[in-house]
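# Structural description and commentary
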Amino acid sequence: GENVEQHPSTLSVQEGDSAVIKCTYSDSASNYFPWYKQELGKRPQLIIDIRSNVGEKKDQRIAVTLNKTAKHFSLHITETQPEDSAVYFCAAWMDSSYKLIFGSGTRLLVRP
Amino acid sequence: GAGVSQSPSNKVTEKGKDVELRCDPISGHTALYWYRQSLGQGLEFLIYFQGNSAPDKSGLPSDRFSAERTGGSVSTLTIQRTQQEDSAVYLCASAPGLPYEQYFGPGTRLTVT
């Protein structure tokens, strides 16, 4: 069935260190992979996305990599700051059902 | 420009009552989604509308839940005979097409007492 698995569920890093969150998906036809950041009590907001015709995309301290063969993609945050603390959700677009399936989320804590 | 708006922001209702939640998508966006997010949990897909196509209702948890979208714009999610397990934040999102970035509204926090 349609499924996106996300790991880890919680991640604690020291300010300035890097954070990596990994996701795997089930539908080999998936071609769009966004990442959302949700601060406490706020709505999810897109921070970066990648389409299946590229393997990596960067935006300042944030990067996403995609391995279509292995059906996994990762979010990399470098030089983490306390304001990066939030819940991060990965998602994969399922062409078979026209739905965006979300991972279960990763709670990132950046310690000052 | 205006983003996705939802109303009410908070709703407290008694068990057994019906509630209606409203979503105003970004103008011109053809796709509209409803999700449910329980406290500390992920996003659970409920239903989506795309243009004039029949909605995908595959995520609705029971027949107490229904949704409609009038004129390809505003959407209403209705929960009949609410139960305590319906308590959650209901998020609406719209997108300019498929598959594109979904823009989320602020959500409606529903509490069933």
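None of the values given here were measured: they were computed from a predicted structure.

This part covers the interface of chain B and chain A. Taken residue by residue, the interface counts 21 residues in chain B and 17 residues in chain A. Interface area, chain B with chain A, both sides summed: about 1600 Å², of which 59% is carbon and sulfur. Of all residues in chain B, B:Leu43, B:Pro99 and B:Phe104 give up the largest surface area on contact with chain A, accounting jointly for 33% of the area buried on that side. At the junction of chain B with chain A, the criterion picks out one salt bridge. A:Lys99 serves as the salt-bridge partner of B:Asp56, at 3.5 Å between the closest nitrogen and oxygen.

Two aromatic rings, taken as a pair, are described by how far apart their centres are and by the angle between their planes. For the structure shown, the criterion picks out 13 aromatic pairs over all chains. Look at A:Tyr25 and A:Phe33: their rings are 4.8 Å apart centre to centre, the planes differ by 45°, and that puts the pair in the tilted class. Owing to a relative accessible area of 5%, A:Tyr25 belongs among the buried residues under this scheme. Ring geometry for A:Trp35 versus A:Phe73: centroids 5.6 Å apart, planes at 70°, classification edge-to-face. Of the two residues, A:Trp35 is situated in strand β4 (residues 32-38) and A:Phe73 in strand β8 (residues 72-77); the sequence distance between them amounts to 38 residues. Residue classification places A:Trp35 among the buried residues on the basis of a relative accessible area of 0%. Through successive ring pairs, a cluster of aromatic residues spans A:Tyr36, A:Phe102, B:Tyr33, B:Tyr35, B:Phe45, B:Tyr48 and B:Phe104.

The next point concerns the state of the cysteines. All names here are of chain A. Summed over the entire model, instances satisfying the criterion amount to two disulfides over all chains. Here Cys23 is linked by a disulfide to Cys90, with a sulfur-sulfur distance of 2.0 Å. Taking the torsion about the S-S bond as the criterion, the Cys23 to Cys90 disulfide, at about -100°, is left-handed. Taken together, the positions of Cys23 in strand β3 (residues 19-25) and Cys90 in strand β9 (residues 86-94) put the pair 67 residues apart, joining distant regions of the chain. In this pair, the class of Cys23 matches that of Cys90, namely buried.

Let's shift gears to the pairing of strand β10 (residues 108-112) of chain B. Residue and element names in this part refer to chain B. Burial along β10 is one-sided: Thr108, Leu110 and Val112 are buried, and none of Arg109 and Thr111, which face the opposite way, are. Note: strand β2 (residues 10-13) against β10, four bridges, orientation parallel. Bridging from a neighbouring strand, Val12 pairs with Thr111 of β10.

Once that is clear, we can look at the pairing of strand β3 (residues 19-24) of chain B. Residues and elements named next belong to chain B. By the alternation rule, side chains of β3 split into Val19, Leu21 and Cys23, which are all buried, and Glu20, Arg22 and Asp24, of which none is buried. As paired elements, strand β1 (residues 5-7) and β3 share three bridges and run antiparallel to each other. Of the residues in β3, the one forming a bridge with Gln6 is Cys23. As judged from the five bridges shared by β3 and strand β7 (residues 75-79), these two strands associate in the antiparallel manner.

Quick look at the sheet that holds β3(B) now. Think of a sheet as strands paired side by side through backbone hydrogen bonds, with each pair either parallel or antiparallel. Residues and elements named next belong to chain B. Spatial ordering of the open sheet is given by β1-β3-β7-β6, a layout of four strands whose pairing is antiparallel. Each of the sheet's edge strands pairs with one partner strand only, and the pair in question is β1 and β6 (65-69). Between one strand and the next, the sheet's axes are offset by a mean angle of 15°, whatever the strand orientation. Here β6 pairs with β7 via five bridges, running antiparallel. Considered in β7, the bridge of Arg69 is made with Ser75.

Take the side chain of A:Asp27 next. Residue and element names in this part refer to chain A. Within the secondary structure, Asp27 sits in the loop between β3 and β4. Comment: no salt bridge for buried Asp27; closest opposite-charge side chain is Lys71, at 7.2 Å. Of the polar contacts made by the side chain of Asp27, one reaches the backbone nitrogen of Ala29; its length is 2.9 Å. What Asp27 contacts, discounting residues up to four positions off in sequence, is Lys71, Met94, Asp95 and Ser96.

Reading guide: rules and limits
- Residues numbered from 1 in each chain as written.
- Chains lettered and ligands numbered in written order.
- Predicted model: local features only at pLDDT ≥ 70, side-chain atom pairs only at ≥ 80, totals over all residues.
- Heavy atoms only, no water.
- Contact = heavy atoms within 4.5 Å.
- Buried area = accessible area lost by both parts, 1.4 Å probe.
- Salt bridge = Lys/Arg side-chain N within 4 Å of Asp/Glu carboxyl O.
- Phe/Tyr/Trp six-rings, centres within 6.5 Å; stacked < 30°, edge-to-face > 60°.
- Buried < 20%, exposed > 50% of the residue type's maximum accessible area, 1.4 Å probe, protein only.
- Helix = DSSP H or I, 4+ residues; strand = E, 2+ residues; numbered from the N terminus.
- Disulfide = S-S within 2.5 Å.
- Pairing = 2+ DSSP bridges.
- Axes fitted to C-alpha atoms, helices over the stretch in contact; angles between N-to-C directions.
- Lys, Arg positive; Asp, Glu negative; His and termini not counted.
- Polar contact = N/O pair within 3.5 Å; in protein donor to acceptor, adjacent residues only side chain to side chain.

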